[in-house]
Amino acid sequence: MTATTTKTAKTAAERLVDAGRALVAAGLSPGSSGNVSVRDGEQLLMTGTGTMLGSLTVDDLSVLALDGTVLAGPKPSKEVALHLALYLKNPGHRVVVHVHSPSAVALSCLEPWSEHCAVPPLTPYSLMRVGQVPLLPFVAPGDPAMGSLVTDSPLPFRAALLSNHGSVVSGEDVDRAVLGAVEVEEACRIALLTQGADRRLIPADQVAAITAASGMPWTGPTALG
Ligand code: ZN
């Protein structure tokens, strides 16, 4: 990479490779787990099955149509339906990140804090980065039903926990998706560390104000009232 290379000059494939490396650097991709996609117009670039996110190259990427048809490259991750559903739900988003990071997985095995958000509002950062994070019901990895869990949910969201599985986050660009996944992991870690303690949540009116100011989804009671 030269000093003159800018983010805007990067291809979608290069941005996806960057996202994979950033997730590994953040400790969010144990083993070869996790997958990333980048939407480029009417096509999707996605990591292949079992790809190590830290050593991705642009040749490792599948090219798909938005209906999931593979156009070129290796077989995509079996979680392609999940990615396609996030792009449908959030049409302005260009990157989807799905990881099996430890704290997100652990919290996804517990009952959710509320129906609209699995993670209690303990710190402002995940509220600012992603807003509410609902818990989606369990389906086996690769089950196409994973996509309809996202598209059928009446809740607006850009991040969710998948029961007994991990997290998924979408964003307008690589930074927003990757930093969203980092904040979801951190919020889940704090929730686990404080589990069972007499913890103080951020007041509901403040949660509503923070998410509104950040443009992030929150459909808790105070946001409606
Ligand atoms: Zn998965």
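Residues numbered from 1 in each chain as written. Predicted model: local features only at pLDDT ≥ 70, side-chain atom pairs only at ≥ 80, totals over all residues. Heavy atoms only, no water.

Caption draft 1: Local environment of the coordination of the zinc ion. In this structure, Glu79 (OE), Glu79 (OE), His98 (NE2), His100 (NE2) and His165 (NE2) serve as the protein donors to the zinc ion, at separations of 2.0 to 2.6 Å. Of note, the zinc ion draws all its donor residues from one chain, in the sequence arrangement E-x18-H-x1-H-x64-H. Here His98, found in strand S5 (residues 95-99), pairs with His165, found in the loop between strand S7 (159-162) and strand S8 (166-171); they are 67 residues apart in sequence, far enough to count as distant. According to the relative accessible area criterion, His165 is buried, its value standing at 7%. (Donors = N, O, S within 2.8 Å, 3.2 Å for Na, K, Ca; no water. Helix = DSSP H or I, 4+ residues; strand = E, 2+ residues; numbered from the N terminus. Buried < 20%, exposed > 50% of the residue type's maximum accessible area, 1.4 Å probe, protein only.)

Caption draft 2: Focus on the pattern of salt bridges. Summed over the entire model, instances satisfying the criterion amount to six salt bridges. Overlapping salt bridges bring together Arg158, Glu172, Asp173 and Arg176 as one network. (Salt bridge = Lys/Arg side-chain N within 4 Å of Asp/Glu carboxyl O.)

Caption draft 3: Spotlight on the environment of His165. Each C-alpha atom of the pair His165 and Met128 lies 24 Å from the other, and the pair is 37 residues apart in sequence. Apart from the residues lying within four places of it in its own chain, the contact partners of His165 are Glu79, His98, His100, Val105, Ser108, Pro141 and Met146. Engagement of the side chain of His165 in a polar contact is seen with the side chain of His100, the distance being 3.1 Å. (Contact = heavy atoms within 4.5 Å. Polar contact = N/O pair within 3.5 Å; in protein donor to acceptor, adjacent residues only side chain to side chain.)

Caption draft 4: Focus on the sheet that holds S8. If you trace the eight strands from one edge of the open sheet to the other, you get S4-S3-S2-S1-S5-S8-S7-S6, paired in mixed fashion. With partners counted over all chains shown, the strands left at the sheet margins are strand S4 (70-72) and strand S6 (135-136), one partner each. Bridging between S6 and S7 involves two bridges; their strand directions are parallel. Paired with Leu135 across the bridge in S7 is Leu161. (Pairing = 2+ DSSP bridges.)

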